[in-house]
Amino acid sequence: MSAMHKHIAPEDMALSPLDLAERKAGIKLADIHEDFDPQSPDQFALCLMSWHWRIFSGRLYQITTKGDDAPDDEPEIAVPFRPNTAQRMLLANLHERNTILKARQMGFSTLIEIMALDHALFNRDQEVVVIAQNRDAATKLYRKKVCFAYDRLPEAIRAMIPTTERSQTQMVFANGSSIEVSTSARGGTPHFLHISEMGKIAATNPAKTTEITTGSLQGVPRSGFIFIESTAEGQSGAFYDNAMRAQRKAQSKEPLTQSDYRFHFFAWWMMPEYRLSPDQTKRVRISAKEHEYFDTVEGLMDCEIDLGQRAWYISKRDNDFTTTPDLMWREYPSTPDECWQASNEGKYYAKALAIARREGRIGRLPLLRHVPCNTFWDLGASDSTAIWVHQRVGLEDRFVRYYEASGEGYLAFTAWLDSLNVLWGSHYLPHDADQKRQKQQADANDFALISPVMILREMKPSWDFKIVPRIQNLQHGIDQTRLSMQGCYWDAEGCKEGLMRLENYSREWNTRLQCWHDHPKHDDASHGSDAFRQFSTGYIAPIPHNRNPRAKGTPARRATGMTA
């Protein structure tokens, strides 16, 4: 490195720093590739001017082979960092704003932390910020990736770019740049921002997500870099919204601005390592239905999933996710849409709906005009009102429509129901529909007591409104709802929003204890889920008609000539 500081000859005074470095190295910067082996300090100095060489060569940064979840007392083994297949795909399609929806164990956190450290080291006065979902995750990212990589840099580089400050969460370098790992949003103007596992942050701490969205993300200049990466955590929250916007933009094929997020999706089948050997593949039974699933994925994603990959997937699912096969969608998704079907341990109904999907009970259902429709309501005073439309067809409980709106009077909901133009059975209302409230009359001094069901009966006197009694134990009602779902069918299009509500109905997260409460979280998913619970706790299916008019137990009459 000392060669960079030698006296510059007069004939070299007019040369740019790059031209001078190339003359000293005897090679052009454009000729340096990831496998280039510098043979002199001058060539090494030129290599350091190549971002591609620094990231891809494996000669600068080292990472640990120790897993993120391994015990702290397990020895760490340093290996050169060279991007794997999926990481190279990301690097080839970088944008200023990047949203990364991914399968597990693909190494994106490692890659982005190496890029973050590289950005701070080789750019002056840059602020690099990494936000993780909790303190433990932040500590591991900082110690195992940032500190580990910096401490194993070539000594000449650490001497050239030493740290001036170093704590358990931050490094400040002599070039004026810094890198900090945190668990929450912060002020300042980060030039490089990495939000790790934003899906988990949104699921467990929506308030923190709001801070990140309105704080850190807004502080990044348009020329700065943002990386938001996560596995999926249900069809709601800031990460879901961000990913869906980015995906729609990608599907539109429109050019991206600096403010748009580029959508990156990385499925399990993109990793060459995720396959079994031919001998192991022979031991895995793959059904015709499972082959049909892989064939469908190939058509949707324009990819090829060979027999070894298919065997790996089935083996992984059956061995690691035996009791929670729906989690395979989240941890090892095959398509972007599949990610959002996954549940987590806090979701009440996601597993029941996952089983319904596998059994084909969520699909296209006709709205039968000759079959009476029942409705199940959740009444919102200051928030949303939700309605499920149900038909009993044979032994099947079919849900064919869902409607939800906020700030509307009862007239809007009855008008929507009228627009369906169907036969009506009964309309099931929650227990609080019978609670009377004061209502001002024409005379300003005159008040009357009136309840929601009284209003509805006055509006629709021919409709049959039933009040579902209040359940004493909410958890019992949730358990009863899960049980009733075993015989339910849903129209995927007509109930799209309602299904999303059911899938995202979850327990409240205890941020202090970092565990789930035993009561539901009141959010957008509550209204549709409460309305559906009126079905499981209030609806009694009609007794099938007995086609044999002879009463049970009546002895058969003896045949006679006349009956013959």
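Residues numbered from 1 in each chain as written. Predicted model: local features only at pLDDT ≥ 70, side-chain atom pairs only at ≥ 80, totals over all residues. Heavy atoms only, no water.

A. View of the overall build of the protein chain. Each helix and strand in the protein chain was counted, giving 21 helices and 21 strands. Within the span of the protein chain, comprising 564 residues, buried residues form 48% of the whole. The contacts of the protein chain with a sequence gap of at least 6 include a subset with a gap of at least 24, amounting to 67%. Taken as a whole, the protein chain presents about 28900 Å² of accessible surface, with 50% of it coming from carbon and sulfur. (Helix = DSSP H or I, 4+ residues; strand = E, 2+ residues; numbered from the N terminus. Buried < 20%, exposed > 50% of the residue type's maximum accessible area, 1.4 Å probe, protein only. Contact = heavy atoms within 4.5 Å. Areas by Shrake-Rupley, 256 points an atom, 1.4 Å probe, with all protein chains shown as cover.)

B. Fine view of the layout of surface pockets. What the largest pocket holds in volume is close to 1200 Å³. Around the largest pocket sit 34 residues that line it, and Tyr 293, Val 297, Leu 300, Thr 335 and Glu 338 are the ones nearest its centre. Put simply, the parts of the chain that give the lining of the largest pocket at least two residues each are α10 (238–252), β10 (261–266), α12 (288–301), α13 (307–320), α14 (327–331), α15 (336–339) and α16 (350–358). No other element matches α12, which puts eight residues into the lining of the largest pocket. (1 Å grid on protein atoms, 1.4 Å probe; cavity = no way out; pocket = protein on both sides within 12 Å on 5 of 7 lines; lining within 4 Å. Points joined across faces, edges and corners; volume = space filled by probe spheres on them.)

C. Seen up close, helix α5 (residues 108–121). Along its 14 residues, α5 runs 20 Å from first to last C-alpha, staying within 8% of the 20 Å computed at 1.5 Å per residue. Counting buried positions along α5 gives 14 out of 14 residues, so the element sits mostly inside the fold. (Expected span 1.5 Å × (residues − 1).)

D. Structural view of the environment of Thr 296. Turning to its location among the elements, Thr 296 is positioned in helix α12. There is a polar contact of 2.9 Å between the side chain of Thr 296 and the backbone oxygen of Glu 292. (Polar contact = N/O pair within 3.5 Å; in protein donor to acceptor, adjacent residues only side chain to side chain.)

E. Structural context of the pattern of salt bridges. Taken as a whole and judged by the stated rule, the model has 32 salt bridges. Arg 317 serves as the salt-bridge partner of Glu 290, at 2.6 Å between the closest nitrogen and oxygen. Of this pair, Glu 290 sits in helix α12 while Arg 317 sits in helix α13, placing them 27 residues apart in sequence. For Arg 501, the salt bridge is made with Glu 497, and the minimal N-O distance between the two is 3.2 Å. Highlighted residues: Arg 501 and Glu 497, both in helix α20 (residues 496–504), separated by four residues, approximately one helical turn. Several salt bridges share partner residues, and in doing so they unite Glu 34, Asp 35, Arg 82 and Arg 88 into one network. (Salt bridge = Lys/Arg side-chain N within 4 Å of Asp/Glu carboxyl O.)

F. Structural view of the pairing of strand β8 (residues 192–196). Buried residues dominate β8, accounting for five of its five residues. Side chains Phe 192, His 194 and Ser 196 project from β8 onto one buried face, and the interleaved Leu 193 and Ile 195 project onto a second face that is buried too. Relative to β8, strand β4 (residues 127–131) runs parallel, the two sharing four bridges. When the bridges of β8 are listed, Val 130 appears paired with His 194. The pairing of β8 with strand β9 (residues 225–230) spans five bridges and is classified as parallel. By the bridge assignment, Ser 196 is partnered in β9 with Glu 229. (Pairing = 2+ DSSP bridges.)

G. Structural detail: the confidence of the model for the protein chain. Scored by pLDDT, the protein chain comes out at a mean of 85, with 86% of its residues at no less than 70. The low-confidence segment residues 440–447 (pLDDT under 50) makes eight contacts with residues lying over four places distant or belonging to another chain. Ignoring residues within four places in sequence, the model shows residues 549–564, a span with pLDDT below 50, making one contact including any to other chains. (pLDDT = per-residue confidence, 0-100.)

H. Expanded view of the pairing of β9. With five of six residues buried, β9 is to be regarded as a mostly interior element. Examined bridge by bridge, strand β3 (residues 97–102) and β9 share five bridges and lie parallel to one another. Bridge pairing in β9 places Thr 99 opposite Ile 228.

I. Fine view of the side chain of Ser 182. On the secondary structure map, Ser 182 appears in strand β7 (residues 178–182). Judged by relative accessible area, Ser 182 falls into the buried class, the value being 14%. Those residues in contact with Ser 182 that sit more than four places away from it in its chain are Val 130, Ile 131, Ala 132 and Ala 138.

J. Inspection of the nonpolar core at higher detail. Residues Tyr 61, Phe 173, Trp 268 and Trp 340 are the most contacted members of the largest nonpolar core, which totals 98 residues. The biggest single contributor to this core is α5, with nine residues. (Core = buried A, V, L, I, M, F, W, Y, C linked by side-chain atoms within 4.5 Å.)

K. Structural view of the sheet that holds β3. Strands sit in the order β5-β6-β7-β4-β8-β9-β3-β10 across an open sheet of eight strands; the sheet is mixed. This sheet does not close on itself; its edge strands, each paired only once, are β5 (163–166) and β10. Across the sheet, the mean angle separating the axes of adjacent strands is 15° when strand polarity is ignored. Along the sheet, α5 contacts β3, β4, β6 (170–173), β7, β8, β9 and β10; its crossing angle with β8, the most-contacted strand, is approximately 160°. Contacts from helix α9 (residues 206–219) reach β4, β8, β9 and β10, with the element oriented near 155° to β8. (Axes fitted to C-alpha atoms, helices over the stretch in contact; angles between N-to-C directions.)

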